[in-house]
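Examination of the molecular architecture
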Amino acid sequence: MTLADQARVLFPAEPMAQFAFMTQAIAVDLRATGAQTDVHPRALPIVLAPFAAVLARCVWGALGGAVVNEVITLVHQGKQADAQSRVYALVGGCISSVFPPFLKPLAQRVQNELAGAVLWVIVQLGPKR
């Protein structure tokens, strides 16, 4: 059972709780293994983390089903940069509708990290191959 499946079982109707569960589990796993990766659990300011699932839903809706599958395929083929660049532009547009006005400047400064978090959510919760 994958981490995304576990999150769906524990929190069936709460996508934000699923995202929080998965990010905390990954952070614990990274600290336990001492892994050095390009995705650090502290890369995204904690005040923005609760909005990541809502932001992912906004981006998912803007992408449409066919493009979501294409983005997931790019990630599975090792073309993370291409997938993230497609998500990045949509994250910029969704920031204005998802974040409260006082958090928008911070969200815009970490737009690349938000795009990575959104891409992760899309891959974890999206259709499986």
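Below is a summary of the structure that appears in this document. (Residues numbered from 1 in each chain as written. Predicted model: local features only at pLDDT ≥ 70, side-chain atom pairs only at ≥ 80, totals over all residues. Heavy atoms only, no water.)

The calculated volume of the second largest pocket comes to roughly 260 Å³. Taken together, Pro12, Pro15, Met16, Gln18, Ala53, Val54, Ala56, Arg57, Trp60, Val121 and Leu125 make up the full set of residues lining the second largest pocket. Take the lining of the second largest pocket: its biggest share by element is five residues, from helix 3 (residues 52–63). Classifying every residue of the lining of the second largest pocket by side-chain character gives nine nonpolar, one polar and one charged. (1 Å grid on protein atoms, 1.4 Å probe; cavity = no way out; pocket = protein on both sides within 12 Å on 5 of 7 lines; lining within 4 Å. Points joined across faces, edges and corners; volume = space filled by probe spheres on them. Helix = DSSP H or I, 4+ residues; strand = E, 2+ residues; numbered from the N terminus. Nonpolar A, V, L, I, M, F, W, Y, C, P; charged D, E, K, R; others polar.)

One pass over the structure, following the stated rule, counts one salt bridge. Here Arg86 makes a salt bridge to Glu70, at a shortest N to O gap of 2.2 Å. Of this pair, Arg86 sits in helix 5 (residues 80–98) while Glu70 is found in helix 4 (residues 65–76), placing the two residues 16 residues apart along the sequence. On the accessibility criterion, Arg86 (36% relative accessible area) is partly exposed. The class of Glu70 is partly exposed, set by a relative accessible area of 34%. (Salt bridge = Lys/Arg side-chain N within 4 Å of Asp/Glu carboxyl O. Buried < 20%, exposed > 50% of the residue type's maximum accessible area, 1.4 Å probe, protein only.)

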